[in-house]
Amino acid sequence: MLELDHFNNGWVTPVLAYLMSVIGSVLGLRCAAHARDARWPAGWLVAAAVALGGCGIWVMHFTAMLGFAITDATIRYDVPMTALSAAIAIVVVWIGLSIAVRVRREIIALPIGGAITGLGVAAMHYLGMYAMHSSAHMEYRTPLVALSIVIAIVAATAALWFMLHVRGFRATLGAALIMGLAVCGMHYTGMASMRAHAMDNHVPATGVDPMQLIGPLILIVTMVTMMLIVLVGLAELDDRSDFEMPSRSADSDDHDGYNWPRAASSDGPIGRPAR
């Protein structure tokens, strides 16, 4: 059995991966908060999915994989399959969040949305692993794989709850720190399930060297993150200016405000608070 090194670059990659997960979670939570206040939340839900699914989950996964190495074996990546795993992460977060905010009863919406999102995140992880080609034979231990899926579902459900309820910067940051730990925990639990064995017939790994992907990855992640930061920042400034304006009457707010579909349910309103 070959030795696996999950920290081939020291603590740089796990720390950077956790930092990216926290940043993506903060942006995703703020986008979800603005979606709760928006008349038409669809655009904010897409932004939240890109922030959390793309930056918070997939980028964390790939960054951590840059520190992964197998003794006496080469690692290459299938670029289309890797890109597909990124798309899956974004889509499943969008599906889960859409279910959570559109189903009237939260006690039903969160488990369903969390299960779909968690299973999708697990699929993203293992599809990303499938996209990793190596000259070694890879195997997975079923109990740890199952545990990683359970962690993904629990973490996804908690993330959806945070996205529906968290307000304020301190609460957002605290939730993002917890979400980052959960995402990293799921990733490294899945990685711990791996075992590598030398192949009798040495076949060179096909694909792209992971170091060749660093440049494009940094460029894309930086552009997307900056766009999200600008988007959220402008919305925060707009909200602040709104609070500084004279409050509108309660009747006007009732006519102009937007309530989420679940607002009329027994779980209580989660739409925009009256000003």
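Residues numbered from 1 in each chain as written. Predicted model: local features only at pLDDT ≥ 70, side-chain atom pairs only at ≥ 80, totals over all residues. Heavy atoms only, no water.

Observations concerning the packing of helix α5 (residues 142-165) against helix α6 (residues 169-192)
Selection rule: Interaxial angle, 0 to 180 degrees, is taken between N-to-C directions of lines fitted to C-alpha atoms, where a helix line uses only the stretch in contact. Runs of H or I in DSSP of at least four residues are treated as helices and runs of E of at least two as strands, each being numbered from the N terminus. Each angle receives one of four descriptions, namely roughly parallel if under 35 degrees, roughly antiparallel if over 145, roughly perpendicular if within 65 to 115, and oblique otherwise. When the near helix sits turned anticlockwise from the far one by under a right angle, the crossing is termed left-handed; a clockwise turn instead gives a right-handed crossing. Whether two residues are in contact is decided by their heavy atoms, any of which lying within 4.5 Å being enough.
The contact between α5 and α6 brings their axes to 8 Å, and the two run at 165 degrees. In this view, α5 runs roughly antiparallel relative to α6, as classed from their interaxial angle. Taken as a pair, α5 and α6 cross one another with a handedness that is left-handed. Taking contact as the criterion, the partners of L144, L147, S148, I151, A152, A155, A159 and F162 in α5 are, on α6, A175, I178, M179, A182, G185, M186, T189, G190 and A192.

Description of unusual backbone geometry
Notably, D72 is not glycine yet its phi reads approximately 60 degrees, a positive angle. Position of D72 relative to the elements: it lies in the loop between β2 (69-70) and β3 (75-77).

Some thoughts on the environment of W161
Applied cut-off: Relative accessibility under 20% of the residue-type maximum defines a buried residue, over 50% an exposed one, and the middle range a partly exposed one, all with a 1.4 Å probe and only protein chains included.
Tracing the sequence through the fold places W161 in helix α5. Residue classification places W161 among the partly exposed residues on the basis of a relative accessible area of 39%. Taking C-alpha positions, W161 is 9.0 Å from E106, a pair spaced 55 residues apart along the chain. Apart from the residues lying within four places of it in its own chain, the contact partners of W161 are E106 and L110.

Side note on the layout of surface pockets
Put simply, the test is: In this analysis a 1.4 Å probe is tested at points of a 1 Å grid over the protein atoms alone, and where it fits but cannot get out there is a cavity; an open set with protein on both sides within 12 Å along at least five of seven lines is a pocket; lining residues have an atom within 4 Å of a point. Grid points are joined across faces, edges and corners, and a volume is the space filled by probe spheres set on the points. Residue polarity follows a fixed list, in which Ala, Val, Leu, Ile, Met, Phe, Trp, Tyr, Cys and Pro are nonpolar, Asp, Glu, Lys and Arg are charged, and the others, Gly among them, are polar.
As a volume, the largest pocket reaches approximately 390 Å³. Residue lining of the largest pocket: 17 residues in total, with W58, A86, L217, I220 and V221 positioned closest to the centre. Those elements that place two or more of their residues in the lining of the largest pocket are α2 (42-65), α3 (79-102) and α7 (214-244). The dominant element in the lining of the largest pocket, judged by the number of residues it contributes, is α2, at six residues. Of the residues belonging to the lining of the largest pocket, the class tally is 15 nonpolar, two polar and no charged.

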